[in-house]
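Structural overview
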Amino acid sequence: MSFPPCPSCKSEFVYQDQNHLICPECAHEWNPSEILSEQALTIKDANGTLLDEGDKVTLAKDLKVKGGSQVLKIGTKAVIKRIVDGKDHQLDCKVNGAGEMMVTAKFVKKA
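Residues numbered from 1 in each chain as written. Predicted model: local features only at pLDDT ≥ 70, side-chain atom pairs only at ≥ 80, totals over all residues. Heavy atoms only, no water.

For the rest of this paragraph, the subject is the overall build of the protein chain. For the protein chain, the helix and strand inventory stands at 1 helix and 10 strands. Order of helices (α) and strands (β) in the protein chain, N terminus to C terminus: β-β-β-α-β-β-β-β-β-β-β. Expressed along its principal axes, the backbone C-alpha trace of the protein chain runs to roughly 50 × 30 × 25 Å. A total of 111 residues make up the protein chain; the buried ones form 31% of that total. By sequence separation, contacts in the protein chain at least 24 residues apart represent 34% of the contacts at least 6 residues apart. (Helix = DSSP H or I, 4+ residues; strand = E, 2+ residues; numbered from the N terminus. Buried < 20%, exposed > 50% of the residue type's maximum accessible area, 1.4 Å probe, protein only. Contact = heavy atoms within 4.5 Å.)

Set out below in structure tokens:
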């Protein structure tokens, strides 16, 4: 049986003890049903609309790609593959004409 990784240290070595899951590496104990309700990330676009995985978005401003000379123009379309809880980039997207990259949610609008 596969359990989710530890929310504290992200360890994969998790075991179940009655209703709780326990991480042997950091000794963190949690109830998986409580964590699922807390983990709902609320990521919003430039207009304040909630974003979900699979949504189609467009860029709200020109963005320079880090580490390169490419510039993504306003209106470029992208599809959100997954949403992550990152401090800089929250959206893992497939951008038309540029491939896959991480994008900050405040620079996109839901299409």
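Here the narrative resumes.
So, on to the sheet that holds strand 7 (residues 77-83). Overall, antiparallel pairing links the 5 strands, which are arranged 9-8-7-4-10 in an open sheet. In this open sheet, the two strands that pair with only one neighbour each are strand 9 (99-103) and strand 10 (108-110). Strand-to-strand twist in this sheet, taken as the mean axis angle between neighbours without regard to direction, amounts to 40 degrees. Where strand 4 (residues 56-59) lies against strand 10, 3 bridges are found, and the strand directions are antiparallel. Residue Leu59 lies in a different strand from strand 10, and its bridge partner there is Val108. (Pairing = 2+ DSSP bridges. Axes fitted to C-alpha atoms, helices over the stretch in contact; angles between N-to-C directions.)

Sheet topology note: the strand 8 (residues 91-95)/strand 9 ladder contains 5 bridges and is antiparallel. Bridge pairing links Lys94 to Glu100 in strand 9. Counting the residues that bridge the hairpin from strand 8 to strand 9 gives 3 residues, and of these Gly97 lies at a positive phi of roughly 85 degrees.

This paragraph deals with the nonpolar core. Counting 17 residues, the largest nonpolar core has Leu51, Ile80, Leu91, Cys93, Val95, Val103 and Val108 as the members making the most contacts within it. Those elements that provide at least two residues to this core are strand 4, strand 7, strand 8 and strand 9. When residues no more than four places from it in sequence are discounted, the contact partners of Val103 are Leu59, Leu63, His89, Gln90, Leu91, Cys93, Val95 and Val108. If you look at the next biggest cluster of nonpolar residues, it comprises 5 residues, including Cys6, Val14, Leu21 and Cys23. (Core = buried A, V, L, I, M, F, W, Y, C linked by side-chain atoms within 4.5 Å.)

Summarising the sheet, strand 4 and strand 7 pair through 3 bridges and their orientation is antiparallel. Bridging across to strand 7, Thr58 finds its partner in Lys77. Where strand 7 and strand 8 come together, 5 bridges link them in antiparallel fashion. Residue pairing in the sheet places Val79 in a bridge with Lys94 of strand 8.

So far we have only geometry, and geometry alone does not tell us how the molecule works.
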